Amino acid sequence: MEKKAVDFWQARKDFLAHLHYAKGYSQGTCYAYNSDLGIWGRWLAEVGKDWCQATHADTEKFVAWQMRERGAKAHIVARRSSCLGSFYKWAMKNALVESDPIYLADKPKRPYRIPVWLEKEEQQALQEATQRIDNLPENIFGRTQEHIKAVRRRYDVLFGLILNSGLRISEALAVKVRDVRVMNGIAKSVRIIGKGNRERLVPLPEAFGQVFGAWLQGREGDDFVFAKAPGGKPPGPHAARAYLRRLIERAGIDKPVTPHKLRHTYATRLLESGAELVDIQALLGHVDLSTTQIYTHVSEERMAGVVAKL
């Protein structure tokens, strides 16, 4: 009996359900996979190709079409190819297709980039800019000066947490008071449920632990640490990125700094302190050590010290 072909769009739906419910992928990651697979499905329909019969030559045509017709960058195309690779591996495992059209195809390589991080002087400048309140506007859309100060203070602690723990912005905003272990008024560590529903415990430096512990005083255990109001929701990642951009400008830092670059800065400080890659991997919540290896860069100061010993 001939096996009935499965519709691509139904297969995509089943694959995304597998990622979310079986693999524990976040909604944001599933949304990105949904979008990438949609581009592939629409392209196949346009060229009149059955997804089950696609070949590595079709994949290469798809890659060329993205870069030529849509102007997609190599790292975007590489990400979409990786998404398709995961999809077809799943499809083969579930006997939906007989071959993987992605594996043997020539695909653009992800360009290697040294991560952007803040030097110690820049990190200090950002912290000073964040803590300054003399440059706050008198009134924004009817909000009081106290409200504006409270917003500035919230972002001061939020960015301080990322710089002292390496959390992803989504992880930091999702922290609840009960997730922080506090002893004698000092925050000692933060419990995080990261990508893939994996749990990790991140210790905090004592100096920041004192600041963070003071920030938590009077807050209820079920409240989000960075809630805009008691019992409310925290700001979204987009709002945090926009606020950080303004602070970076005020600090006079000429770099494209995002909350993720603050995570890079934390990893860089660990590396400069002599931490091993496996330790950095555990603290950042990376599954694969190869992901952590982007932090094998060293500062010019350390490099000069090594060369001086020759």
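Residues numbered from 1 in each chain as written. Predicted model: local features only at pLDDT ≥ 70, side-chain atom pairs only at ≥ 80, totals over all residues. Heavy atoms only, no water.

As annotated in an unreviewed UniProt entry, the chain carries the name Integrase and comes from Nitrosococcus oceani C-27. The heading Sequence similarities (unreviewed entry) in the UniProt record of the chain holds the text "Belongs to the 'phage' integrase family." (UniProt positions renumbered as here; feature names shortened; annotations may be inferred.)

S.K.: Can you explain the overall build of the chain? Please cite residues and give values.
M.R.: Scanning the chain from terminus to terminus reveals 13 helices and three strands. For the chain, buried positions account for 42% of its 310 residues. Put simply, 61% of the contacts in the chain that link residues at least 6 apart link residues at least 24 apart. As displayed, the chain has an accessible area near 18000 Å², and 52% of this comes from carbon and sulfur atoms. (Helix = DSSP H or I, 4+ residues; strand = E, 2+ residues; numbered from the N terminus. Buried < 20%, exposed > 50% of the residue type's maximum accessible area, 1.4 Å probe, protein only. Contact = heavy atoms within 4.5 Å. Areas by Shrake-Rupley, 256 points an atom, 1.4 Å probe, with all protein chains shown as cover.)

S.K.: I'd like a rundown of the sheet that holds strand 1 (residues 180-183), residues and numbers included.
M.R.: Pairing between sheet strands relies on hydrogen bonds along the backbone, with the strands arranged either parallel or antiparallel. Spatially, 1-2-3 is the arrangement adopted by the three strands of the open sheet, whose pairing is antiparallel. The sheet is open, and its two borders are formed by strand 1 and strand 3 (199-203), each paired with just one other strand. In this sheet, neighbouring strand axes are inclined to one another by 20° on average, regardless of whether the strands run parallel or antiparallel. Looking at chain direction, strand 1 and strand 2 (residues 186-193) are connected through four bridges and run antiparallel. Bridging across to strand 2, arginine 181 finds its partner in serine 189. (Pairing = 2+ DSSP bridges. Axes fitted to C-alpha atoms, helices over the stretch in contact; angles between N-to-C directions.)

S.K.: Any chance you could break down the pairing of strand 3 for me, citing the residues and the numbers?
M.R.: Residues Arg200 and Val202 point to one face of strand 3 and are all buried, whereas Glu199, Leu201 and Pro203, pointing to the other face, are not buried. One ladder, built from five bridges, connects strand 2 with strand 3; its direction is antiparallel. The residue bridging isoleucine 193 from the neighbouring strand is glutamate 199, located in strand 3.

S.K.: Just give me the short version of the environment of lysine 188, but keep the residues and values in it.
M.R.: Relative to the helices and strands, lysine 188 is located in strand 2. If sequence neighbours within four positions are ignored, lysine 188 has contacts with Arg181, Met183, Val202, Pro203 and Leu204.

S.K.: An account of the nonpolar core is needed here, citing residue identities and associated values.
M.R.: By size, the foremost hydrophobic cluster in this structure holds 45 residues, and its most contacted members are Leu158, Leu161, Phe212, Val225 and Leu262. The set of elements that each furnish at least two residues to this core consists of helix 5 (120-131), helix 6 (145-165), helix 7 (169-174), strand 2, helix 8 (206-216), helix 9 (237-250), helix 10 (259-272) and helix 11 (277-284). A per-element tally of this core places helix 6 first, with eight residues. One finds Phe15, Tyr33, Ile39 and Trp90 within the second-largest nonpolar core, a separate group that totals 25 residues. (Core = buried A, V, L, I, M, F, W, Y, C linked by side-chain atoms within 4.5 Å.)

S.K.: Kindly report on helix 5, identifying the contributing residues and their values.
M.R.: The end-to-end C-alpha distance of helix 5 is 17 Å, a good match for the 16 Å that 12 residues give at a rise of 1.5 Å each. Buried within helix 5 are the following residues: Gln123, Leu126, Ala129 and Thr130. Considered in projection along helix 5, the buried side chains sweep an arc of 125° and stay on one side of the axis. When the buried face of helix 5 is taken as reference, the exposed residues oriented beyond 90 degrees from it are Lys120, Glu121 and Gln131. (Expected span 1.5 Å × (residues − 1). Arc of directions from axis to C-beta.)

S.K.: Give me the lowdown on the packing of aromatic side chains, citing residues and values where you can.
M.R.: Applying the stated criterion across every chain, the model contains 21 aromatic pairs. Their ring planes at 80° and their centres at 5.2 Å tell us that phenylalanine 87 and tyrosine 88 sit as a pair that is edge-to-face. The cationic tip of lysine 176 hangs over the ring face of phenylalanine 224; the distance from NZ or CZ to the ring centre is 4.9 Å. When the ring centre of tryptophan 215 is taken as reference, the NZ or CZ atom of arginine 219 above it lies at 4.0 Å. (Phe/Tyr/Trp six-rings, centres within 6.5 Å; stacked < 30°, edge-to-face > 60°. Lys NZ or Arg CZ within 6 Å of the ring centre and 35° of its normal.)

S.K.: Tell me about the packing of helix 1 (residues 8-22) against helix 2 (residues 27-47), and name the residues and values.
M.R.: Following both chains from N to C, one finds helix 1 and helix 2 inclined at 160°, their axes separated by 10 Å at the closest point. Considering the angle they form, helix 1 stands roughly antiparallel to helix 2. Relative to helix 2, the crossing made by helix 1 is right-handed. Only Gln27, Cys30, Tyr33, Asn34, Leu37, Gly38, Trp40, Gly41 and Arg42 of helix 2 make contact with helix 1, whose side of the interface consists of Phe8, Trp9, Arg12, Phe15, Leu16, Leu19 and His20. A breakdown of the residues in the contact of helix 1 with helix 2 according to their chemical character gives nine nonpolar, five polar and two charged. (Parallel < 35°, antiparallel > 145°, perpendicular 65-115°, else oblique. Left-handed = near helix turned anticlockwise from the far one by under 90°. Nonpolar A, V, L, I, M, F, W, Y, C, P; charged D, E, K, R; others polar.)

S.K.: Kindly report on unusual backbone geometry, identifying the contributing residues and their values.
M.R.: You will see that alanine 95, though not glycine, has its phi angle at about 60°, which is positive. Here alanine 95 is to be found in the loop between helix 4 (74-93) and helix 5. For asparagine 184, which is not glycine, the phi dihedral falls at a positive 55°. Residue placement: asparagine 184 occurs in the loop between strand 1 and strand 2. Of the residues examined, asparagine 184 reaches a relative accessible area of 78% and is grouped as exposed.

S.K.: Explain the pattern of salt bridges to me, using residue names and the numbers behind them.
M.R.: Counted according to the given criterion, the structure contains 12 salt bridges. Note that arginine 80 is salt-bridged to aspartate 36, the shortest N-O span being 3.5 Å. Here arginine 80, found in helix 4, pairs with aspartate 36, found in helix 2; they are 44 residues apart in sequence, far enough to count as distant. Its relative accessible area of 11% is what places arginine 80 among the buried residues. Aspartate 36 gets classed as buried once you look at its relative accessible area, which sits at 4%. Notably, a salt bridge pairs glutamate 122 with lysine 255, separated by 2.8 Å at the nearest N-O pair. Placement of the pair is glutamate 122 in helix 5 and lysine 255 in the loop between helix 9 and helix 10, with a sequence separation of 133 residues. (Salt bridge = Lys/Arg side-chain N within 4 Å of Asp/Glu carboxyl O.)

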